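Next come the chains, spelled out residue by residue.
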Amino acid sequence: RRAGADLLITYHAKEVARVRSEVSRIQAFVAQVANTGASVLQPEMTLRRARDALRGHDPFDGAQLVAEAERLADGILRARIQEIETAIPETAAMIDEARNVGAAVEEAEHLLEEAKAAASAKEYVSASELVHRAERAAIESQHRQIEIAMDLRRRQLEKAEEVLQSFEPFVAEAEEFGLNVMEARIMLRQARDILAKEDYVNGMIFARNAAEIARRLEPAVVEERARRGIRMPTSGVCGSCGSTSMTFQSDGWGACRDCGHKVPWREPARFLDRFTRMLRR
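Each residue is numbered by its place in its chain's sequence as written, counting from 1. The predicted origin of the model limits local features to residues at a pLDDT of at least 70 and limits the giving and counting of side-chain atom pairs to 80 or more, whereas totals for whole chains, interfaces and linings rest on all residues. Note: side-chain values were computed over all heavy atoms of the structure, leaving out hydrogens and water.

### Considerations on the pattern of salt bridges
Part 1: For this document, the term salt bridge refers to a Lys or Arg side-chain nitrogen within 4 Å of an Asp or Glu carboxyl oxygen. This model, assessed by the stated rule, comprises 21 salt bridges.
Part 2: Residues R71 and E68 are paired through a salt bridge, measuring 2.7 Å at the closest nitrogen-oxygen approach. Placement of both R71 and E68 in helix α3 (residues 59–100) is noted, with a separation of 3 residues, approximately one turn of the helix.
Part 3: Salt-bridge contacts for E173 lead to R225; the nearest nitrogen and oxygen are separated by 2.8 Å. Here E173, found in helix α5 (residues 124–176), pairs with R225, found in helix α8 (residues 218–228); they are 52 residues apart in sequence, far enough to count as distant. With respect to burial, E173 and R225 carry one shared label: buried.
Part 4: Overlapping salt bridges bring together D151, R154, R155 and E158 as one network. Where helices and strands are cited, they refer to DSSP runs of H or I of at least four residues and of E of at least two residues respectively, numbered from the N terminus. The buried label applies to any residue whose accessible area, calculated with a 1.4 Å probe on protein chains only, is under 20% of its type's maximum; exposed applies above 50%, and partly exposed to all values in between.

Here's what the structure looks like:
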């Protein structure tokens, strides 16, 4: 009986040692799975239960839990491999999209090629990291290009707005003189409607068309000014920098040669009335 008991104790000790070794092996495997970016909470909890079973001197239950942890980790790894392999063409499509908006995608393309090579070599930890870096590089390059495009649109909208603002007082002056400004008004309204939609391409086209139509009124406006004794200034002081180096144009605007500041020298009565009302508020 004594020999049999000793044999049983020895067998039990060997089983505990074997299962502990399996716990260590599967723990390393779970860590490898975690490195791919996968969640390993379930196999980690199962291994914890296996350790608890060993502390309770139950190697049989511990062995079953270790096997369950390995099965869970293997399933998670297979799913993660599938995610990585699916992410490669998805990232390639993202890079194509970034390229289509004019973004520089060389770095993203290089990283994606390395990710493909790592996946082919079954180096999934590296493949996961590389495909993630390629995705981030594509997003960042696309974002930079979008910011450039948005800044371009903003500047173009501002330029179109400046064109309209420079000719609206002139058209109002022509209207004050009783000239036919219907075509110019229509074009100005259409340009403003388009700019309100932030369509800077067509907005600039319509703004320039409106300006061209407004310029056709210039000879009649200049003639009417002369008839009414309205003279264009020949000198002035810049209200921005104090320079006396001012130039004046027949479109009703003056500009400082030194700082570029623009100021209207001829405002129609209704614009002056509106400005006065604003001051009184």
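Alright, that's what it looks like, and here's the rest.
### Considerations on α8
Part 1: Taken as a whole, α8 has its buried residues at V221, E224 and R225. End-on, the buried residues of α8 take up no more than an arc of 105°, which puts them together on one face. Of the exposed residues in α8, those oriented more than 90 degrees away from the buried face are P219, E223, A226 and R227.
Part 2: If you follow the buried residues of α8, they end up packed against α5.
Part 3: The positive-phi residue at the C-terminal boundary of α8 is G229, with phi of around 80°. Directions from the helix axis toward the C-beta atoms define the arc. Whether two residues are in contact is decided by their heavy atoms, any of which lying within 4.5 Å being enough.

### Remarks on the packing of aromatic side chains
Part 1: What counts as a ring pair is set by centres within 6.5 Å for rings of Phe, Tyr and Trp (its six-membered ring), and what kind of pair is set by the plane angle: stacked under 30 degrees, edge-to-face over 60, tilted for all other angles. On inspection of all chains with the given rule, the structure shows 0 aromatic pairs.
Part 2: Sitting over a ring, as applied to charges here, requires NZ of Lys or CZ of Arg to be within 6 Å of the ring centre and within 35 degrees of the ring normal. In this arrangement the basic side chain of K262 is found over the ring face of W253, its NZ or CZ atom lying 5.3 Å from the centre.

### Here's the deal with the confidence of the model for the chain
Part 1: As a per-residue quantity, pLDDT reports the predictor's confidence and falls between 0 and 100. Overall, the prediction assigns the chain a mean pLDDT of 86, with 91% of residues at 70 or greater.
Part 2: Considering each helix and strand of the chain separately, the mean pLDDT is smallest for helix α9 (residues 269–280), with a value of 42, and largest for helix α4 (residues 106–120), with 94.
Part 3: Considering only residues more than four positions removed or in separate chains, one finds that residues 271–281, a stretch of pLDDT under 50, has 4 contacts.

### Regarding the sheet that holds strand β1 (residues 246–248)
Part 1: Sheet architecture is open: 3 strands sit in the order β1-β2-β3, paired in antiparallel fashion. The open sheet has two edge strands, β1 and β3 (262–264), and neither has a second partner. For this sheet the average axis-to-axis angle between neighbouring strands, irrespective of direction, equals 25°.
Part 2: One ladder, built from 3 bridges, connects strand β2 (residues 253–256) with β3; its direction is antiparallel. Directly across from W253, in β3, lies its bridge partner P264. Any two strands with at least two DSSP-identified bridges between them are counted as paired. All axes here are fitted lines through C-alpha atoms, helices being fitted over the stretch that makes contact, and every angle between N-to-C directions spans 0 to 180 degrees.

### Quick look at the side chain of S128
Part 1: With respect to the element layout, S128 can be found in helix α5.
Part 2: Residue S128 is classed as buried on the basis of its relative accessible area, which comes to 7%.
Part 3: Under this definition, polar contacts are N or O atom pairs within 3.5 Å; protein pairs additionally need one hydrogen-donor-capable and one acceptor-capable atom, and for neighbouring residues in sequence, both atoms have to be side-chain atoms. In this structure the side chain of S128 is engaged in a polar contact, spanning 2.7 Å, whose partner is the backbone oxygen of T36.
Part 4: A polar contact is formed between the side chain of S128 and the side chain of R80, at a distance of 2.9 Å.

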